[in-house]
Amino acid sequence: MIQILNNWKKVAFWRLLIQWAFLGWCTFLGVQFTLFVRHFETFGQTGYYARPPGVEGFLPIGALVSLKAWVMTGYLDPVHPAALVLFVTFLAMALLARKSFCSWICPVGTLSEAIWKLGRNFFGRNFHIWRWLDLLLQVTKYALLLFFVKLVLFDMPAMALQSFLKAPYWAIADVKMLHFFTRMSLTSALVILVLAILSVVYQNFWCRYLCPYGALLGLLSFFSPLRVVRQASSCTDCGACSRACPAQIEVRQKSAVCSVECTGCLTCVSNCPEPQTLQIGFWKRPLPGWSFAVAVLLVFASGVLIGMLSGHWETSLSYADYQRLIPMVERF
Ligand code: SF4
Ligand code: SF4
């Protein structure tokens, strides 16, 4: 901790701070939403807490349906508008600042990173899967992405989109998501446990091999103008950047990192011992490290603000709707 505080001028310090601030914020939203749902489950016996729209960030597949409906028919879903706002915001973030959502904002990414750091402290290192298996496993997240994209973008006709968005199932999709965590089945708990154990040994196991959301953001990040750039003239080829990269990218061999696996964590930049050699750049033009943090926060704040100011943030469901829907959630 003392070492971290001494590093406050480094972008790594600010990334850690932002990561944990978002994790804290997500936890707060989760607790508030649990209390909101509990109020209706107990038929008003417990206190009422306002529903936080931010929980809709956990509904990316529904948000993809919502996005398609908006693009194809102009219908803007009023039931979970924040889901679409956050989804589009994170897509925009990937287009500008790589997969920064994964290493700056996503709570799963934050926990995953904390777990592999624990593993590294315990074993003295993290382990790498054989290259051929690593590549094979990486395909899994694209296969999952393809499955969802095919299901939503190709197989779902325009009429079915609005039916889905107006159905009771979608209305309480957030409650069902909450129940996934609060009423977890033994199978789900075991799967999460196995993933957590694998994450102790292998860096970001879930993110690297299985997360379809990260796969989508990674593909978009290919077009991102913000990328890590290396000045070959001052590089001593020490390899510290490649060794430090959690995405296993050979940074030392690149003039600019355009990989779809790069999360913009800037760990490589923080670990380069040569000043002004490894930096974040706009295309190839070097920028100060803090500008990346500012870009990430600006995109996030702008997206949320636009959603709020345009009236696409709060759900259109009323107290009476939740009073009717939540007690019968198991039926959907
Ligand atoms: S290349 Fe640098 S910024 Fe990209 S994932 Fe690796 S360490 Fe992070
Ligand atoms: S850490 Fe810096 S000096 Fe070392 S190989 Fe990477 S870019 Fe070059």
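Refer to the preceding data block for the structure.
Below is a summary of the structure that appears in this document. All values derive from a computational prediction rather than experimental measurement. (Residues numbered from 1 in each chain as written. Chains lettered and ligands numbered in written order. Predicted model: local features only at pLDDT ≥ 70, side-chain atom pairs only at ≥ 80, totals over all residues. Heavy atoms only, no water.)

**Examining the site of ligand 2**
1) Next: Around ligand 2 lies a shell of 14 residues, among which C235, C238, G239, C241 and C272 are the nearest.
2) Next: Here the residues of the shell around ligand 2 sort into seven nonpolar, three polar and four charged. (Near = heavy atom within 4 Å. Nonpolar A, V, L, I, M, F, W, Y, C, P; charged D, E, K, R; others polar.)

**Re helix α6 (residues 107-123)**
1) Next: Here α6 contains 17 residues, and its C-alpha end-to-end distance of 24 Å stays within 8% of the 24 Å for a straight helix at 1.5 Å per residue.
2) Next: Taken as a whole, α6 has its buried residues at P107, G109, T110, S112, E113, W116 and G119.
3) Next: Check the buried side of α6 and you find it contacts α2 (11-41), α5 (100-105), α11 (186-201) and α12 (205-210). (Helix = DSSP H or I, 4+ residues; strand = E, 2+ residues; numbered from the N terminus. Expected span 1.5 Å × (residues − 1). Buried < 20%, exposed > 50% of the residue type's maximum accessible area, 1.4 Å probe, protein only. Contact = heavy atoms within 4.5 Å.)

**Examining the pattern of salt bridges**
1) Next: Scanning all chains against the criterion turns up twelve salt bridges.
2) Next: With a shortest N-O distance of 3.1 Å, R183 and E41 are connected by a salt bridge. Of this pair, R183 sits in the loop between α10 (173-182) and α11 while E41 sits in helix α2, and the two are 142 residues apart along the sequence.
3) Next: Judged by its relative accessible area of 27%, E41 falls in the partly exposed class.
4) Next: The salt bridge involving E261 is made with K141; its shortest N-O contact spans 2.8 Å. (Salt bridge = Lys/Arg side-chain N within 4 Å of Asp/Glu carboxyl O.)

**Some thoughts on the environment of T73**
1) Next: Within the element layout of this structure, T73 appears in helix α3 (residues 60-73).
2) Next: Through-space distance from the C-alpha of T73 to that of V37 is 32 Å; in sequence the pair is 36 residues apart.
3) Next: Apart from the residues within four sequence positions on either side, T73 is in contact with K68, A158 and Q162.
4) Next: Of note is the side chain of T73, whose polar atom sits 2.5 Å from the backbone oxygen of A69.
5) Next: Only 3.3 Å separates the side chain of T73 from the backbone nitrogen of Y75, close enough to count as a polar contact. (Polar contact = N/O pair within 3.5 Å; in protein donor to acceptor, adjacent residues only side chain to side chain.)

**Quick word on the site of ligand 1**
1) Next: Around ligand 1 sit 13 residues in total, of which C245, C262, C265, L266 and C268 are the nearest.
2) Next: When its residues are assigned to classes, the shell around ligand 1 shows ten nonpolar, three polar and no charged.

**Digging into the pairing of strand β1 (residues 226-230)**
Moving residue by residue along a regular strand, the side chains alternate between the two faces of the sheet.
1) Next: With five of five residues buried, β1 is to be regarded as a mostly interior element.
2) Next: Here β1 shows no split at all, with L226, V228 and R230 on one side and R227 and V229 on the other all buried.
3) Next: In terms of strand pairing, β1 meets strand β2 (residues 278-282) through five bridges, oriented antiparallel. Looking at the pairing, V228 lines up with I280 of β2. (Pairing = 2+ DSSP bridges.)

**What to know about the side chain of S270**
1) Next: Relative to the elements of secondary structure, S270 occurs in helix α15 (residues 267-271).
2) Next: We classify S270 as buried; its relative accessible area is 17%.
3) Next: Setting aside its immediate chain neighbours within four residues, S270 contacts K10, V11 and A12.

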